[in-house]
Structure formats: structure tokens, C-alpha cells
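Analysis of the macromolecular model
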Amino acid sequence: MRATFEHIETSPHLSWTLFVRREPRFAFLWHFHREFELTLITRGMGTRFVGDSVEDYRPGDLTLIGPELPHTYASIGDGQEAVVAQFRRDSFGPGFFDRPEFAEVSALLTRSSRGLRLPAGGAPLAELPGMPPAERTLGLLTTLVRLARDGDAQPLAGAGHRPAPGGRTRDRIDAVIRLLHAEYARPISLDMVAGVAHLTPTATSRFFRRTTGSTITDYLNGVRINAACRMLLETDRRVADIAADCGYPNLSNFNRRFRVVKGMSPREFRARVRIYT
């Protein structure tokens, strides 16, 4: 089973990412990213997959997943919710966690290369979304310190499990993904993508598919449709205007692509999903 690379974007107000994932169902999407991911399940139940670990989850389930470790959740029943924090070792500055006062946290982050199941009692993660940005960051650091001192973290993936691509491959795919996310609203040629990958166009296509399990075109369509979904939910703008801002000057093409990805039209998506928000 090939894992898909996920590019994580920070908000304008934080040097890391914090959000509440609230969906009718968590669909199985086997993926990895360069960030650490701290996830607290606050509603719903199902199965958690981390590397070669397969376990049930329910409210109170707390995990710390290390960079490039494939993982996903698949829910049972409707009404799923989780608080998710994603950050890198250098999100708070180069060498931040190498300082002596964070030695315990650094060790915790190192251990998370296999994924860790953590006790949720001492982690006020659910409180962070309601805080101002500075307090959110202090709250995350406090949470990590408490978890590092608890001593009850249990590894998830087996000792022999290998993470997703690293090194030069990771840097190259990250450069390509950054381009697609930054420039999705305008036409993107294969030559543009090959330029940031420092490969020929043909080699770039093969490299991208081998690394992510997706073609560049399919991935770019996914980026554009996800951007359109955010606009459909957060604004009342016309569908045609949203399509144009997401790289689809032709409304019919946008509707067709949207239906392929989401299984419904943009108007149906706006009407159905707003029920849950």
C-alpha cells in the first residue's frame, strides 16, 4: 500500500498548524508528511493505522506521529472529531528542542518515529483552539513537556518498520508539492514542475508518481478542489467565481473535476456539508 505525501501549510498567525477536524466520517487516506502530528480524538470511534500498527480508537485517544510515518484513521459510524497539532522540530527556531531544558521533549519526539500512544489526561490539547495564537504555542509546549514527563508513552509501529522517503527524495518532492500548493490558481506546466525538481519533465512525472502514488495532474486537481471546498464552505460566492480562482476558467470542466473528486456537484457539496459545520 503506497502512502501519499501530504503538504502541510501553516496559518498566517502560527508557525505551526492547529485545527479541529470535524467530519461525518474519517475516510481511509494512507499518507505521511514532514511534520510531527499530535492528535486527540474528541468524538467518534474507528480504527487507527500507524505504520504496521492497527488499533481501535475512541474519544480520549491521543497519539504523537513522527515525520514521514504513514498513518490514517478510518471511522465507524457518523460524527467524528479530533484536535490536531502539526509542527516541525524547527517550527519554533533552529535547534529549539536541542536546548537542555527540552531534553525530555527531544527524546519524546525521537521516540515518535514509530508513533506513540499517549495518556490524554495531562494533555490540554482540546483547549488550544479557543486560545489566542501566543497562548496556543505556549499551550502546545506545555503539553509536550507534560507528555514527555509522564513516562507512559507506548510505541505503535514495530521496531522494524521503515518510514517514508527521506533525504534528497523528501526535499525534492517537498519542493514540487510547495509549487503546486502555491501556484494552483494559475496554469502550471510540467516544465515548471521539472524546474523545481531539477529533473527532466519525463523523469519528474515518473518520480512524482513513484513517490506519491499519484500523477501530477491528479494531485493538482486535488489541491484545486480542496481549495474550492474551503471557499464553498466559508463564503457565499458564486460557484463560477470560485472555479476561476481555483484554476478552472471553464465552469463545466470544474464541475466535472469536482464530481470526480467529491462524488457530487459543488452546489450539492455546499448544501450537504454545511449541515455538519
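Structural notes, computed from the coordinates. Worth saying up front: this structure is predicted, and the values here are computed from it rather than measured.

Let's talk about the nonpolar core
By size, the foremost hydrophobic cluster in this structure holds 34 residues, and its most contacted members are Leu 180, Tyr 184, Val 193, Phe 208, Cys 246, Phe 254 and Phe 258. Broken down by secondary-structure element, the contributors of at least two residues to this core are helix H3 (167-183), helix H4 (190-197), helix H5 (201-212), helix H6 (216-234), helix H7 (239-245) and helix H8 (251-262). With ten residues, the single largest contributor to this core is H6. Apart from the residues within four sequence positions on either side, Phe 258 is in contact with Ile 225, Cys 229, Leu 232, Gly 263, Met 264, Ser 265, Pro 266 and Phe 269. With 28 residues, the next largest nonpolar core counts Val 83, Leu 116, Leu 141 and Ala 153 among its residues.

Considerations on helix H2 (residues 133-150)
Here H2 contains 18 residues, and its C-alpha end-to-end distance of 26 Å stays within 8% of the 26 Å for a straight helix at 1.5 Å per residue. All of the buried residues in H2 are Thr 137, Gly 139, Leu 140, Leu 141, Thr 143, Leu 144, Leu 147 and Ala 148. A positive backbone phi angle near 85° is found at Gly 151, which sits one or two residues after H2.

Comments concerning the state of the cysteines
Applying the stated criterion across every chain yields a total of zero disulfides. Its sulfur unpaired, Cys 246 is 8.9 Å from the next cysteine sulfur, which belongs to Cys 229.

Thresholds, definitions, all that
Residues numbered from 1 in each chain as written. Predicted model: local features only at pLDDT ≥ 70, side-chain atom pairs only at ≥ 80, totals over all residues. Heavy atoms only, no water. Core = buried A, V, L, I, M, F, W, Y, C linked by side-chain atoms within 4.5 Å. Buried < 20%, exposed > 50% of the residue type's maximum accessible area, 1.4 Å probe, protein only. Helix = DSSP H or I, 4+ residues; strand = E, 2+ residues; numbered from the N terminus. Contact = heavy atoms within 4.5 Å. Expected span 1.5 Å × (residues − 1). Disulfide = S-S within 2.5 Å.

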